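These are the residues of each chain, in order.
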2 protein chains.
Amino acid sequence: MSLEKVTAIGRADPKRGYDDACGTAHALELIGERWALLVLREMMLGPRRFSGLRDDLPGISANVLTQRLGELEERGLVRRRRLPPPASVQVYEATEWGLEAEPIVQALGRWAARSPRHDPTLPISGVSILLSFRTMIDRAAARDWDSRIGFRFGETSYIAHIHHGSIDIARGEVVGCDALFDGEPTQIAAIVYGGAPLDTVRVDGDEDLARRFLTLFTLPPKIG
Amino acid sequence: MSLEKVTAIGRADPKRGYDDACGTAHALELIGERWALLVLREMMLGPRRFSGLRDDLPGISANVLTQRLGELEERGLVRRRRLPPPASVQVYEATEWGLEAEPIVQALGRWAARSPRHDPTLPISGVSILLSFRTMIDRAAARDWDSRIGFRFGETSYIAHIHHGSIDIARGEVVGCDALFDGEPTQIAAIVYGGAPLDTVRVDGDEDLARRFLTLFTLPPKIG
DNA sequence: CCGTATCCAATAAGATACTG
DNA sequence: CAGTATCTTATTGGATACGG
């Protein structure tokens with residue numbers, strides 16, 4: 001009894017708390033561990049499998065991913081679900097509350113984009129680049145849009161619906177799109193944010209629309 | 001079997017980066033270390049001294065505070081300044097860009113306030129409770145306000161100016177206030193967010209106004 | 001292929017004592 | 001007061017091995 005209790009109190013409950021009523025401090029107890037928020041980010045556009053998470057989080061080790069998933073689940077941010085047969089695979093999905101953390105992801109991203117050290121040529125995941133669109137969209141420029149842009153990143157595809165200055169993103173088949181990008185997320189990022197030429201990815205449909213789409217996203221000015 | 005140098009080279013350059021172009025990941029490289037964001041938070045309402053930071057971050061050790069301050073300075077979020085004689089003390093202040101991290105602090109705080117594990121009776125710093133007012137103010141309820149509320153927390157005092165649904169906060173002498181609170185930040189938090197009685201702190205000036213002020217801040221509903 | 005568990009080396013954090 | 005230095009503990013990441 002005593003051995004179990006000690007371990008539970010000393011480590012499991014608040015792993016290493018801040019003893020601070022401030023909501024910010026509590027948030028850091030929930031999602032402040034290394035990798036935790038990035039794991040949650042990867043679930044922002046739908047459930048993910050273990051290996052997908054691992055692939056899109058370069059550098060995370062399997063045991064750390066297991067541990068983070070367990071913590072996020074225990075804290076109510078992530079749910080583990082087994083898909084019905086014949087798929088029968090296990091997936092991890094963000095809970096309602098977990099999805100509500102997107103403003104945190106956005107605030108961090110918007111702020112860090114001004115960093116002189118930010119390197120937009122590093123690899124980036126499909127979820128990240130699409131979420132960055134939601135963060136960086138120029139609402140004024142997109143005010144009169146009503147278009148569907150598809151993205152195919154290997155196995156997984158998404159549709160972005162731009163309308164009334166904002167952008168909805170859903171995972172799903174790329175049907176009924178006005179334009180379709182097919183390529184590596186990192187290439188798309190290089191084009192949108194790094195000014196790279198469009199020819200490193202495949203574009204189907206209305207290419208002019210695709211070009212104009214890419215101009216809807218602009219990084220804030222660097223500091224200095 | 002394995003080469004010793006490989007690991008050393010592989011991780012020497014970026015201390016322990018995420019190798020991810022996503023802005024969120026970069027933000028975590030800048031302010032994701034333990035304590036870093038809370039140190040920055042304490043500077044959101046003006047420069048702070050080493051010992052003040054230490055006092056308001058219960059549990060941080062001196063060496064970790066030293067290290068975080070050095071990292072935040074090196075990354076351009078914090079500046080070290082020596083006040084002119086006769087004060088001649090060293091203070092740490094957030095840079096412009098550091099101050100721009102306040103939306104991150106707010107997003108985290110707003111989100112975590114819905115946590116079932118959040119304990120508003122823990123100790124809280126003066127800066128934290130005042131920043132929480134900025135996060136939690138009911139803009140509709142404060143729309144027609146134009147009042148100055150003073151706060152005296154030991155040595156340090158602040159004036160909050162509520163007007164047009166928002167709230168400006170500045171450190172400084174509590175002159176020209178319509179009401180003044182004098183007490184422990186933790187007590188104020190218990191009153192505002194925990195429904196504790198008003199009599200644990202001293203209130204000067206318009207007590208009715210002070211009471212109405214306290215109702216301007218409401219926590220979002222808990223999840224469940 | 002999907003995870004989980006275990007062992008090990010490298011870091012980061014915490015506690016405490018100490019110095020200008 | 002404002003930090004350093006030092007020692008101990010905890011966490012992380014990598015490799016690997018193991019069961020479904």
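Criteria and cut-off values
Residues numbered from 1 in each chain as written. Chains lettered and ligands numbered in written order. Predicted model: local features only at pLDDT ≥ 70, side-chain atom pairs only at ≥ 80, totals over all residues. Heavy atoms only, no water. Least-squares fit on C-alpha atoms with pLDDT ≥ 70 in both. Contact = heavy atoms within 4.5 Å. Near = heavy atom within 4 Å. Polar contact = N/O pair within 3.5 Å; in protein donor to acceptor, adjacent residues only side chain to side chain. Helix = DSSP H or I, 4+ residues; strand = E, 2+ residues; numbered from the N terminus. Nonpolar A, V, L, I, M, F, W, Y, C, P; charged D, E, K, R; others polar. pLDDT = per-residue confidence, 0-100. Axes fitted to C-alpha atoms, helices over the stretch in contact; angles between N-to-C directions. Parallel < 35°, antiparallel > 145°, perpendicular 65-115°, else oblique. Buried area = accessible area lost by both parts, 1.4 Å probe. Salt bridge = Lys/Arg side-chain N within 4 Å of Asp/Glu carboxyl O. Phe/Tyr/Trp six-rings, centres within 6.5 Å; stacked < 30°, edge-to-face > 60°. Buried < 20%, exposed > 50% of the residue type's maximum accessible area, 1.4 Å probe, protein only. Domains from an automatic or database assignment.

Enquirer: Outline the relation of the copies chain B and chain A, supporting the account with residue identities and numerical values.
Expert: Least-squares fitting of chain B to chain A yields an RMSD of 0.1 Å, with the transformation described by 0.0 Å of translation along the axis and a rotation of 180°. Here the two chains are linked by the operation of a two-fold rotation axis. Considering only C-alpha atoms, the residue of chain B closest to the rotation axis is Ile-104 of chain B, which sits at 3.1 Å. Of all interface residues in chain B, 100% are interface residues in chain A too; the two copies therefore contact each other through one and the same surface.

Enquirer: How would you sum up the protein's contact with DNA strand C? Please name residues and give values.
Expert: Residues in contact with DNA strand C amount to 20 residues; listed here are only the nearest, Arg-16, Phe-50 and Arg-80 of chain A together with Asn-63 and Arg-68 of chain B. Restricting attention to atoms of DNA strand C within 4 Å of the protein, one finds that 80% of them are sugar or phosphate atoms. Between DNA strand C and Asn-63 of chain A, the relevant distance is 3.1 Å, taken from a base oxygen to a side-chain nitrogen or oxygen of the residue. In this structure, Arg-80 of chain A approaches DNA strand C through a side-chain N or O atom, which is 2.7 Å from a phosphate oxygen. Elements that contribute at least two residues to the surface near DNA strand C include exactly α4 (50-56), α5 (62-74) and β2 (90-94) of chain A together with α5 (62-74) of chain B. Grouping the constituent residues of the surface near DNA strand C by class yields five nonpolar, seven polar and eight charged.

Enquirer: Summarise the confidence of the model for chain A; cite the residues concerned and give the values.
Expert: On average, residues of chain A score 90 in pLDDT, and 92% of them reach the 70 mark or higher. Per-residue pLDDT stays below 50 along residues 1-14 of chain A; that stretch engages in seven contacts with residues further than four places along the chain or on separate chains.

Enquirer: Lay out the protein's contact with DNA strand D in plain terms, naming residues and giving numbers.
Expert: Close to DNA strand D lie 19 residues; Arg-34 and Asn-63 of chain A together with Arg-49, Ser-51 and Gln-90 of chain B are nearest. At a separation of 2.4 Å, a phosphate oxygen of DNA strand D approaches a polar side-chain atom of Ser-51 of chain B. In terms of residue count, α5 of chain A provides more of the surface near DNA strand D than any other element does, four residues in total. Split into classes, the residues belonging to the surface near DNA strand D amount to five nonpolar, eight polar and six charged.

Enquirer: I'd like a description of the packing of helix α7 (residues 102-112) of chain B against helix α8 (residues 126-136) of chain B, backed by residues and values.
Expert: All names here are of chain B. Packing of α7 against α8 brings their axes to within 10 Å, and their N-to-C directions diverge by 80°. One way to sum up the angle between α7 and α8 is to call them roughly perpendicular. Contacts from Glu-102, Gln-106, Gly-109 and Arg-110 in α7 reach Leu-131, Arg-134, Thr-135 and Met-136 in α8.

Enquirer: Mind laying out the interface of chain B and chain A, listing which residues take part and the relevant values?
Expert: Taken together, the 48 residues of chain B in the interface contact 49 residues of chain A. In total, chain B and chain A occlude about 4,600 Å² of area from one another, counting both sides; carbon and sulfur atoms represent 64% of this. Here chain B is connected to chain A by four salt bridges. Summed over the shared surface of chain B and chain A, the number is 20 residue pairs in polar contact (both at pLDDT 80 or more). Counting only elements with at least two residues in the side of chain B that touches chain A, the list comes to α2 (23-31), α3 (36-41) and α7 of chain B.

Enquirer: Pulling in residues and values, what's your account of the packing of aromatic side chains?
Expert: Residue and element names in this part refer to chain A. Per the counting criterion, the structure on display carries 22 aromatic pairs over all chains. Look at Phe-153 and Tyr-158: their rings are 6.1 Å apart centre to centre, the planes differ by 50°, and that puts the pair in the tilted class. Ring centres 5.0 Å apart and planes at 70° place the aromatic pair Phe-213 and Phe-217 in the edge-to-face group. The exposure class assigned to Phe-217 is buried, which follows from its relative accessible area of 2%. Through pairs of rings, three or more aromatic residues link up here, namely Phe-133, Phe-151, Phe-153, Tyr-158, Phe-181, Phe-213 and Phe-217.

Enquirer: Any chance you could break down the side chain of Arg-114 of chain A for me, citing the residues and the numbers?
Expert: Within the secondary structure, Arg-114 of chain A is located in the loop between α7 (102-112) and α8 (126-136). According to the relative accessible area criterion, Arg-114 of chain A is buried, its value standing at 18%. Arg-114 of chain A has contacts with Pro-220, Pro-221, Lys-222 and Ile-223 of chain A together with Trp-97 and Glu-100 of chain B, leaving out every residue within four places of it along the chain.

Enquirer: Could you give an account of the side chain of Ser-132 of chain A, with specific residues and numbers?
Expert: Residues and elements named next belong to chain A. Within the secondary structure, Ser-132 sits in helix α8. The exposure class of Ser-132 is buried, given its relative accessible area of 15%. Only 2.7 Å separates the side chain of Ser-132 from the backbone oxygen of Ile-129, close enough to count as a polar contact.

Enquirer: Explain the domain arrangement of chain A to me, and be specific about the residues and the numbers.
Expert: Residue and element names in this part refer to chain A. Under the domain assignment, chain A is made up of domain 1 (3-100) and domain 2 (117-214). The gap between the C-alpha centroids of domain 1 and domain 2 is 28 Å. Counting residues at the interface gives eight residues for domain 1, matched by nine residues for domain 2. Buried area between domain 1 and domain 2, both sides added, is near 740 Å², and the carbon and sulfur share of it is 61%. At the junction of domain 1 with domain 2, the criterion picks out three residue pairs in polar contact (both at pLDDT 80 or more). Split into classes, the residues belonging to the side of domain 1 that touches domain 2 amount to three nonpolar, one polar and four charged.

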